[in-house]
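# Structural description and commentary
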Amino acid sequence: MKKGKTTSIILALILCLPGFLLAKTTVSLKGVHLCCKSCVTGVAKAAQSAGASATSKPQQKLVIIEAADDATASKAVTAGAKAGYYGKSSNPSIAIKTDLKDATVTSASVSGVHLCCGKCVRAVDKAIDSLKGASGHTAEKNSATFKVTGSFSLKALLDALHENGLHGQISK
């Protein structure tokens, strides 16, 4: 190989290398409950705690997470769920995972749902109103835990929360 061709190949590799080193993973979460500035800030802090960034588009109920790699993006999505937020992921391999065992119950405790304001509580109202067999809940602004009563499926409860952009840990 001639010296000029070798130099050109090396130069091309050097110019392309930053793109490989700075490769990013972007995942969108649709349907996230983002009713106010506190919700938007909560999502951003959760992503940041995992080493990623989050851009929220409240009108579209959309959160865009950017991370250095898939593992970091997955940690950011998990951190968002732990902070009480849910959105359908654009990447099924980077999505909120739950290990909830389904059962029909007469009451359940829900913790970790983001409830910073009255609009967040109204999102819980809407979720519980849509839950077949539920008769009520005790969610209030800033509560860390609330109870749901009636006769309902735990999985259906989680699905109802998810439909309203919320996530929480559910126990009998």
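Above this text you will find the structure in question.
Everything numeric here is computed off the predicted structure, so don't read it as measured data. (Residues numbered from 1 in each chain as written. Predicted model: local features only at pLDDT ≥ 70, side-chain atom pairs only at ≥ 80, totals over all residues. Heavy atoms only, no water.)

### Some remarks on helix 5 (residues 154-163)
All of the buried residues in helix 5 are Leu154, Leu157, Leu158, Ala160, Leu161 and His162. On its buried face, helix 5 sits against strand 5 (104-111), helix 4 (118-130), strand 7 (145-153) and strand 8 (169-171). Regarding helix 5, its N-cap is Ser153, as a side-chain oxygen of that residue lies 3.2 Å from the backbone nitrogen of Lys155 further along. Gly165 occupies a position one or two residues after helix 5 and carries a positive phi of about 80°. (Buried < 20%, exposed > 50% of the residue type's maximum accessible area, 1.4 Å probe, protein only. Helix = DSSP H or I, 4+ residues; strand = E, 2+ residues; numbered from the N terminus. Contact = heavy atoms within 4.5 Å. Polar contact = N/O pair within 3.5 Å; in protein donor to acceptor, adjacent residues only side chain to side chain.)

### Describing the pattern of salt bridges
For the structure shown, the criterion picks out two salt bridges. The partner of Glu66 in a salt bridge is Lys24, with the nearest N and O atoms 3.7 Å apart. With a gap of 42 residues between them, Glu66 in strand 3 (residues 62-67) and Lys24 in the loop between helix 1 (3-21) and strand 1 (25-30) connect regions that are remote in the sequence. Of the residues examined, Lys24 reaches a relative accessible area of 59% and is grouped as exposed. (Salt bridge = Lys/Arg side-chain N within 4 Å of Asp/Glu carboxyl O.)

### With respect to the sheet that holds strand 7
The strand order 6-7-5-8 describes an open sheet built from four strands, whose pairing is antiparallel. Only two strands of the sheet have a single neighbouring strand rather than two, namely strand 6 (134-137) and strand 8. When strand polarity is set aside, the average angle formed by the axes of neighbouring strands in this sheet is 20°. Relative to strand 7, strand 6 is paired through three bridges, and the arrangement is antiparallel. Bridge pairing links Gly136 to Thr149 in strand 7. (Pairing = 2+ DSSP bridges. Axes fitted to C-alpha atoms, helices over the stretch in contact; angles between N-to-C directions.)

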